[in-house]
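Single-letter residue listing:
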Amino acid sequence: MNAPYPTRSFDAARSPLRILIIGGGIGGLALAQGLRRAGVSAAVYERDRSLTSCLQGYRVHISPGGSRALHECLPPHLFDAFDRTCGKPARAIHFMTEQMRPFLSIDADMVKNDDAIARHRSVSRVTLRQVLMAELAELHLGKTFVRYEERGGKVVAHFEDGTHAEGDILVAADGSGSRVRRQFLPEAPLIDTGVAAIGGKVFLDEHRARLAPQLLDGMCLVSARDGVNLFVAMQEVSEPAGAIGRNEPGSEASGAVFENTRGYVMWGLGATRERLHADAAEHDPAKLAAIAARAVAGWAPELRSLIALADPTTLSHFAIRTSTSVGPWPTGRVTLIGDAIHAMTPYRGVGANMALEDAMRLKRALVAGARGERDLFAAINDYESAMRGYGFRAVRNSLRAMRQSVDAGPVQLTLQRAMFRAIDRVPPLKRWMASGMGRD
Ligand SMILES: Cc1cc2nc3c(=O)[nH]c(=O)nc-3n(C[C@H](O)[C@H](O)[C@H](O)COP(=O)(O)OP(=O)(O)OC[C@H]3O[C@@H](n4cnc5c(N)ncnc54)[C@H](O)[C@@H]3O)c2cc1C
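Residues numbered from 1 in each chain as written. Predicted model: local features only at pLDDT ≥ 70, side-chain atom pairs only at ≥ 80, totals over all residues. Heavy atoms only, no water.

Colleague: Which parts of the structure should I look at to understand the overall build of the protein?
Modeller: Counting secondary structure elements, the protein contains 15 helices and 17 strands. With respect to the three principal axes, the spread of C-alpha positions in the protein is 70 × 45 × 45 Å. Buried residues in the protein amount to 55% of all 440 residues. Considering only residue pairs separated by 6 or more positions, the protein has 78% of its internal contacts joining residues 24 or more positions apart. Accessible surface, the protein: about 18800 Å² in total, of which carbon and sulfur atoms supply 53%. (Helix = DSSP H or I, 4+ residues; strand = E, 2+ residues; numbered from the N terminus. Buried < 20%, exposed > 50% of the residue type's maximum accessible area, 1.4 Å probe, protein only. Contact = heavy atoms within 4.5 Å. Areas by Shrake-Rupley, 256 points an atom, 1.4 Å probe, with all protein chains shown as cover.)

Put into structure tokens, the structure is as follows:
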């Protein structure tokens, strides 16, 4: 549904459009790259002081849609650097029991397409950030947004260090805890699902020989009878492209979590907080290792050893949160992209791809407004109403996937496994299932 918006309130012929982007994560940086490529003035304000201050997850799956958005936003040489520094493609995706008995295996050929641009990719988060930050002249690090105000037909962003910046449109790209959203849409809450996850990295140069071959095929999903689930993904490294794909200076101070030049298998263990017996504030690596080991105690030795082999400095623990549908709101000088508006659980691995989709679509709207091809606010309004549709659908789907995984009782799990076994035996059904993977 479309919301009201001011008409004829921006005259592209009189002054050039100026965009303020709060947050230099995946969505905000992709938007900045797209605007820069189109010649629209944009500045990014990011609270982190360096590339290695924060990492949400380890590698990221980029879907055909996310790849298309990156291709549109990045200049060709940076898209090429992104493409060259992605991990090697997966060979297969295995769904298995906690005793490591596969009940469905999807060959990568079924998921693969021949499109050189719009295809599945796996990229290190550090590398992706290096690509997205490259060549951005107006990237202000160490700028923590506090609040905004509208005055004199402009929007002004205020930062923790007492400085401010003025523009025509302010874009909230500040992630799930968005301060911009809290001011703009105070009725839009972020809900704790009660599910927690522990993740870690096992480096291949040290431990490849000790890992079961299936765990090295690409991706494995394990659902256990007690509601504990495990996601395993392989990330091999490619040759760096200049500075892209190398380690950031000083990153070794944070342990191996930002290590960007060694291949690894990452795992993520999820369950309700009560089942994991993990306090939300627990970040001590030794305690996290003990919690993870306890959660997989009766599992196959190969899976227990995968958990035990993680480098302790890479272990992290986070609460899984979700947004709920909001809007429509009156379109104005503040708009939102990515997790700032539709934060979702990581259970379908599409949040970053949604942020990229938003960046591409909002970029198109802002460019059309800047060039006087469309009324600026009408174009933003169209973006917002489409984004609410696909964004909140992805939120609901990822929440359903999480609930099916952590809440399935023994009967449901037996039925699920029987259904997957049946799919495994019928190639057209398998192809149909494969075609829906990583899409929302
Ligand atoms: C474990 C895990 C695995 C995941 N795996 C996948 C996957 O494989 N595929 C996928 O598509 N998605 C995945 N996701 C989801 C994905 O990481 C997010 O959806 C994505 O990062 C959202 O991008 P964003 O730009 O909206 O926000 P973010 O990437 O979170 O960026 C927000 C930025 O804003 C900055 N910021 C925050 N507050 C302020 C402030 N006050 N002032 C200035 N700057 C601020 C932050 O420092 C950050 O840099 C995963 C998530 C998790 C937790």
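Colleague: Just checking my understanding: could you explain empty space enclosed by the protein for this structure?
Modeller: Applying the stated criterion to the full structure yields three cavities of 30 Å³ or more. Quantified by volume, the largest cavity comes out at close to 70 Å³. Considering the residues around the largest cavity, the lining is formed by Thr85, Ser124, Thr127, Gln235, Glu236, Val237, Ser238, Glu239, Pro240, Gly245 and Asn260. Roughly 60 Å³ of internal volume is contained in the second largest cavity. Partitioning the lining of the second largest cavity into residue classes produces five nonpolar, three polar and three charged. (1 Å grid on protein atoms, 1.4 Å probe; cavity = no way out; pocket = protein on both sides within 12 Å on 5 of 7 lines; lining within 4 Å. Points joined across faces, edges and corners; volume = space filled by probe spheres on them. Nonpolar A, V, L, I, M, F, W, Y, C, P; charged D, E, K, R; others polar.)

Colleague: Looking at this structure, I do not really get the pairing of strand β2 (residues 41–46). What am I missing?
Modeller: Each regular strand displays side chains that alternate between the two surfaces of the sheet. Of all the six residues making up β2, five are buried; the element is thus mostly covered by neighbouring parts of the structure. Pairing of strand β1 (residues 18–22) with β2 involves five bridges; the strand directions are parallel. Bridge pairing in β2 links Ile21 to Val44. Taken together, β1, helix α1 (residues 26–38) and β2 constitute a β-α-β crossover, and its handedness is right-handed. Bridging between β2 and strand β7 (residues 139–141) involves three bridges; their strand directions are parallel. Looking at the pairing, Val44 lines up with Leu139 of β7. (Pairing = 2+ DSSP bridges. Right-handed = clockwise from strand over helix to strand, strands pointing away.)

Colleague: For this particular structure, what's the right way to read the site of the ligand?
Modeller: Gly27, Glu46, Phe145, Asp339 and Asn353 are the nearest of the 32 residues found near the ligand. Between an oxygen atom of the ligand and a main-chain N or O atom of Gly27, the distance comes to 2.7 Å. Backbone polar atom of Gly349 to a nitrogen atom of the ligand: 3.0 Å apart, as the coordinates give it. Here the ligand loses 89% of its free accessible area of 1000 Å² to cover by the protein chains. Ranked by residue count, the leading element in the shell around the ligand is helix α12 (residues 351–370), at four residues. The class makeup of the residues in the shell around the ligand is 10 nonpolar, 13 polar and nine charged. (Near = heavy atom within 4 Å. Polar contact = N/O pair within 3.5 Å; in protein donor to acceptor, adjacent residues only side chain to side chain.)

Colleague: How do you make sense of the sheet that holds strand β16 (residues 316–323) when you look at a structure like this?
Modeller: Strands belonging to one sheet form pairs held by backbone hydrogen bonds; the direction of such a pair is parallel or antiparallel. On the basis of which strands lie adjacent, the open sheet formed by seven strands has the order β5-β4-β13-β14-β15-β12-β16 and mixed pairing. With partners counted over all chains shown, the strands left at the sheet margins are β5 (102–107) and β16, one partner each. Each strand axis lies, on average, 20 degrees off the axis of its neighbour in the sheet, ignoring direction. Bridging between strand β13 (residues 218–223) and strand β14 (residues 229–235) involves five bridges; their strand directions are antiparallel. If you follow Val222 over to β14, its bridge partner there is Leu230. (Axes fitted to C-alpha atoms, helices over the stretch in contact; angles between N-to-C directions.)

Colleague: In this structure, what is going on with the pairing of strand β4 (residues 92–96)? I would like to understand it.
Modeller: For β4, a buried count of five out of five residues is recorded, marking the element as mostly surrounded by other parts of the structure. Of the two faces of β4, the one holding Ala92, His94 and Met96 and the one holding Ile93 and Phe95 are both buried throughout. Alignment of β4 against β5, held across five bridges, turns out to be antiparallel. The residue bridging Ile93 from the neighbouring strand is Ile106, located in β5. Taken together, β4 and the strand that follows it, β5, pair antiparallel across an intervening segment of five residues, in which Met100 is found at a positive phi of about 65 degrees. In terms of strand pairing, β4 meets β13 through five bridges, oriented parallel. Paired with Met96 across the strands is Val222, a residue of β13.

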